[in-house]
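# Chains, contacts and geometry: an overview
Single-letter residue listing:
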Amino acid sequence: MSVKDLQRRDLARIWHPCSQMKDYEAHPPFVVDRGEGVWLYDVEGRRCLDAVSSWWVNLFGHNNDRLNGALRRQAEKLAHCIFSDFSHGPAIELAERIVTLAPPGLERVFFADNGSAAVEVALKMSFQYHRLRGDAGRKTFLSFSDGYHGETLGALAVGGLGLYGAVFSPLMMETLKVPSPDCFRCPYGRKREACDVPCFEAMERCLAERGREICAVIVEPLLQGAAGMKVYPPAYLAKLRRACDEAGAHLIADEIAVGMGRSGTFFACEQAAVTPDFLLVSKGITGGYLPLSLVVTTEEVYRAFYGDYNEGRAFLHSHSYTGNALACAVACETLNLFDEGILEVNRVRGAFIEEAVRSRFEGHRHVGEIRRLGMVTAVELVEGPGGKAFDRSCRVGHSVYRRALERGVLLRPLGDVLYFMPPYVISDEEVLFMAGRAGEALEATL
Ligand code: PMP
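Residues numbered from 1 in each chain as written. Predicted model: local features only at pLDDT ≥ 70, side-chain atom pairs only at ≥ 80, totals over all residues. Heavy atoms only, no water.

## A look at the overall build of the protein chain
Along the backbone of the protein chain there are 15 helices and 16 strands. Relative to the compact-globule value of 22 Å for 446 residues, the protein chain shows a C-alpha radius of gyration of 22 Å, a close match. Here the C-alpha coordinates of the protein chain stretch approximately 65 × 60 × 45 Å along the principal axes. Across the 446 residues of the protein chain, 55% fall into the buried class. Counting contacts in the protein chain only where the partners sit at least 6 residues apart, residues at least 24 apart contribute 71% of the total. Entry remark: accessible area of the protein chain is about 20200 Å², with carbon and sulfur atoms responsible for 51%. (Helix = DSSP H or I, 4+ residues; strand = E, 2+ residues; numbered from the N terminus. Rg over C-alpha atoms; globule rule 2.2 N^0.38 Å. Buried < 20%, exposed > 50% of the residue type's maximum accessible area, 1.4 Å probe, protein only. Contact = heavy atoms within 4.5 Å. Areas by Shrake-Rupley, 256 points an atom, 1.4 Å probe, with all protein chains shown as cover.)

So this is what it looks like as structure tokens:
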């Protein structure tokens, strides 16, 4: 079967996510036949470097021997079983290990099967917790006006990106929003590296005025992914933890994208020495192999739901694939791969990626900022000085993406923010290829 035949069959039947399908007529999909390390190959041997870790999920490369082995071994024993009244070894091991890696005080693990589902679980748990404690006045959530937490209706309601949510707003619960830290276009004239976060003032005011109505504040710690890989200082998170405590509101740390080492530490919250009330983990937890998510919370939250059955305190949330055994086994093996000093290696690798990107992009008249957090380096393209953004309808980032793909690099920018978030196994040579070809794509576009 040729690539053309596969593309024709795809277009005849499949409706792809996050896509205007008309675009596919000019640019049919890259139909992947196999993966190897950072590379994706089609049936005719054409390849591209997966610089976005396939939507930020892949950590240790495609077709990883160790993860393949764990998956194979588990498949020969048990693929999946009901997770209510039943349990299994891989889930037990994973829960124990994630608790040892999470910030101190997080001790209970609830399973779901994707990031948005974990967000829904945390929102519902927080809401029900306050009710169980007799605090029925707390009915809303507070989040950033450009936050992203997934695309189910609850997750969209605490997100702020109109691109995904605006059309559905009549269906969504009302929530409170405050502007997020904007270090690139800082209205206070501060520098990210030495900042006492005066921008916290909006959050502080909202919590002081409306705190008694708020179940929880939900944020993406240190890195707002879908908003354009916006990086903000740990001091903001530390202040947020204190302000949530004063307001009696929970703090939900959505580490779905930034957890599992992407931020440079295993969890981003570590950099602010903060323990949230709910820590959300997904994406990289299975090394990019299978859908799985975890909501890690405190004994205090768990205890609020505990009681005799007829008291009706239980948390009645379930998905058919909760605690999938294959996913849990692969997740345990993913954690084993971390035991091999990967965070230390990544410190050097992350800096090397930034350097390679800087050497290609710095000084270009349309590069507004190059920023990095751990294993994520982003390049924000601007129309001109002062951070003036391009008109979105120009789809500049999209043009760079198309040209980079022709040159063998999968970028898929967020608007006009190009970012490099490859699997941790990328070699120096591959980093130079990735940055070099992306640089050529920018030159060819602008
Ligand atoms: N939260 C964050 C911070 C995310 O980046 C994402 C996915 N990009 C989600 C939640 C939603 O996860 P999923 O796509 O698995 O539903």
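From this point on, the discussion continues.
## Considerations on the nonpolar core
Judged by nonpolar contacts, the single largest core of 117 residues is most densely connected at Leu94, Met203, Leu207 and Phe361. By residue number, the principal contributor to this core is helix 12 (residues 325-338), which donates eight residues. Each of domain 1 (31-63 + 341-445) and domain 2 (69-338) accounts for three or more of the residues forming this core. Not counting chain neighbours up to four residues away, the residues in contact with Phe361 comprise Val367, Ile370, Val379, Leu418, Phe420, Ala435, Ala438, Gly439 and Leu442. (Core = buried A, V, L, I, M, F, W, Y, C linked by side-chain atoms within 4.5 Å. Domains from an automatic or database assignment.)

## A short note on the layout of surface pockets
When its volume is computed, the second largest pocket comes out at roughly 1200 Å³. For the second largest pocket, the lining is made up of 34 residues, of which Phe83, Phe110, Tyr302, Phe315 and His317 are closest to its centre. Secondary-structure elements contributing two or more residues to the lining of the second largest pocket are helix 5 (89-101), strand 4 (106-112) and helix 11 (299-304). Broken down by element, the residue count for the lining of the second largest pocket peaks at five residues, all from strand 4. Within the lining of the second largest pocket, the residues separate by chemical class into 19 nonpolar, 10 polar and five charged. (1 Å grid on protein atoms, 1.4 Å probe; cavity = no way out; pocket = protein on both sides within 12 Å on 5 of 7 lines; lining within 4 Å. Points joined across faces, edges and corners; volume = space filled by probe spheres on them. Nonpolar A, V, L, I, M, F, W, Y, C, P; charged D, E, K, R; others polar.)

## A few points about the sheet that holds strand 11 (residues 278-281)
Spatially, the seven strands line up as an open sheet ordered 4-12-11-10-7-5-6, and their pairing is mixed. With partners counted over all chains shown, the strands left at the sheet margins are strand 4 and strand 6 (176-178), one partner each. The mean inter-strand angle of the sheet, taken between neighbouring strand axes irrespective of direction, is 20°. Of the strand pairs in this sheet, strand 5 (residues 140-144) and strand 6 are connected by three bridges, and their pairing is parallel. (Pairing = 2+ DSSP bridges. Axes fitted to C-alpha atoms, helices over the stretch in contact; angles between N-to-C directions.)

## Details of the site of the ligand
Close to the ligand lie Trp56, Asn114, Gly115, Ser116, Tyr148, His149, Gly150, Glu220, Asp254, Ile256, Ala257 and Lys283. Asn114 places a polar side-chain atom, nitrogen or oxygen, 3.4 Å from an oxygen atom of the ligand. Contact with the protein chains covers 82% of the free accessible surface of the ligand, which is 390 Å². Partitioned by chemical class, the residues of the shell around the ligand number four nonpolar, five polar and three charged. (Near = heavy atom within 4 Å. Polar contact = N/O pair within 3.5 Å; in protein donor to acceptor, adjacent residues only side chain to side chain.)

## With respect to unusual backbone geometry
Backbone geometry places Asn63, a non-glycine residue, at a positive phi of 60°. In this structure, Asn63 sits in the loop between helix 3 (53-56) and helix 4 (65-75). Overall, Asn63 belongs to the partly exposed group, its relative accessible area being 39%. Here the phi dihedral of Met260 falls at roughly 60°; this positive angle occurs in a residue that is not glycine. Note that Met260 resides in the loop between strand 10 (250-254) and strand 11.

## Quick look at the environment of Arg241
Relative to the elements of secondary structure, Arg241 occurs in helix 10 (residues 234-247). Assessed through its relative accessible area of 11%, Arg241 is described here as buried. For the pair formed by Arg241 and Ile252, sequence separation is 11 residues and the distance between their alpha carbons is 9.9 Å.

## Examining the packing of helix 13 (residues 342-361) against helix 15 (residues 428-445)
Relative to each other, helix 13 and helix 15 sit at 30°, their axes nearing to 9 Å. One finds that helix 13 runs roughly parallel with respect to helix 15. The chirality of how helix 13 crosses helix 15 is right-handed. Of helix 15, the residues touching helix 13 (which contributes Phe352, Ile353, Ala356, Val357, Arg360 and Phe361) are Asp428, Val431, Leu432, Met434, Ala435, Gly436, Ala438, Gly439 and Leu442. Class assignment for the residues of the contact of helix 13 with helix 15 results in 11 nonpolar, two polar and two charged. (Parallel < 35°, antiparallel > 145°, perpendicular 65-115°, else oblique. Left-handed = near helix turned anticlockwise from the far one by under 90°.)

## Some points on helix 6 (residues 115-132)
Over its 18 residues, helix 6 extends 26 Å from the first C-alpha to the last, a length consistent with the 26 Å expected when each residue adds 1.5 Å. Among the 18 residues of helix 6, 14 are classified as buried, and the element is accordingly described as predominantly covered. The opening residue of helix 6 is Asn114, an N-cap whose side-chain oxygen sits 3.0 Å from the backbone nitrogen of Ser116. Of the residues trailing helix 6, Gly134 is marked for its positive phi of about 80°. (Expected span 1.5 Å × (residues − 1).)

## Details of the side chain of Asp50
With respect to the helices, strands and loops of the structure, Asp50 is situated in strand 3 (residues 47-50). For the buried Asp50, no salt bridge exists, and the shortest N-O distance to an oppositely charged side chain is 8.2 Å, to Arg262. Within the local environment of Asp50, its side chain forms a polar contact with the side chain of His62, the two groups lying 2.8 Å apart. Ignoring anything within four residues of it in the chain, the contact list for Asp50 reads Val38, Leu40, His62, Leu410, Pro422 and Pro423. (Lys, Arg positive; Asp, Glu negative; His and termini not counted. Salt bridge = Lys/Arg side-chain N within 4 Å of Asp/Glu carboxyl O.)

## A look at the packing of aromatic side chains
What the rule picks out here adds up to 17 aromatic pairs. Seen from their ring centres, Phe60 and Tyr424 are 5.8 Å apart, and the 85° between their planes marks the pair as edge-to-face. Separated by 364 residues along the polypeptide, Phe60 in the loop between helix 3 and helix 4 and Tyr424 in the loop between strand 16 (417-420) and helix 15 bring together distant segments of the chain. Since its relative accessible area comes to 5%, Phe60 is described here as buried. Residue class for Tyr424 comes out buried when judged on its relative accessible area of 0%. With a centroid separation of 6.4 Å and an interplanar angle of 40°, the aromatic rings of Tyr302 and Tyr306 are classed as tilted. Judged by its relative accessible area of 51%, Tyr306 falls in the exposed class. Taken together through their ring pairs, the aromatic side chains of Phe60, Phe266, Phe267, Phe338 and Tyr424 make up a single cluster. Residue placement shows Arg34 over the ring face of Tyr41; its charged tip is 4.1 Å from the ring centre. (Phe/Tyr/Trp six-rings, centres within 6.5 Å; stacked < 30°, edge-to-face > 60°. Lys NZ or Arg CZ within 6 Å of the ring centre and 35° of its normal.)

Purely spatial values, then, with no claim about function.
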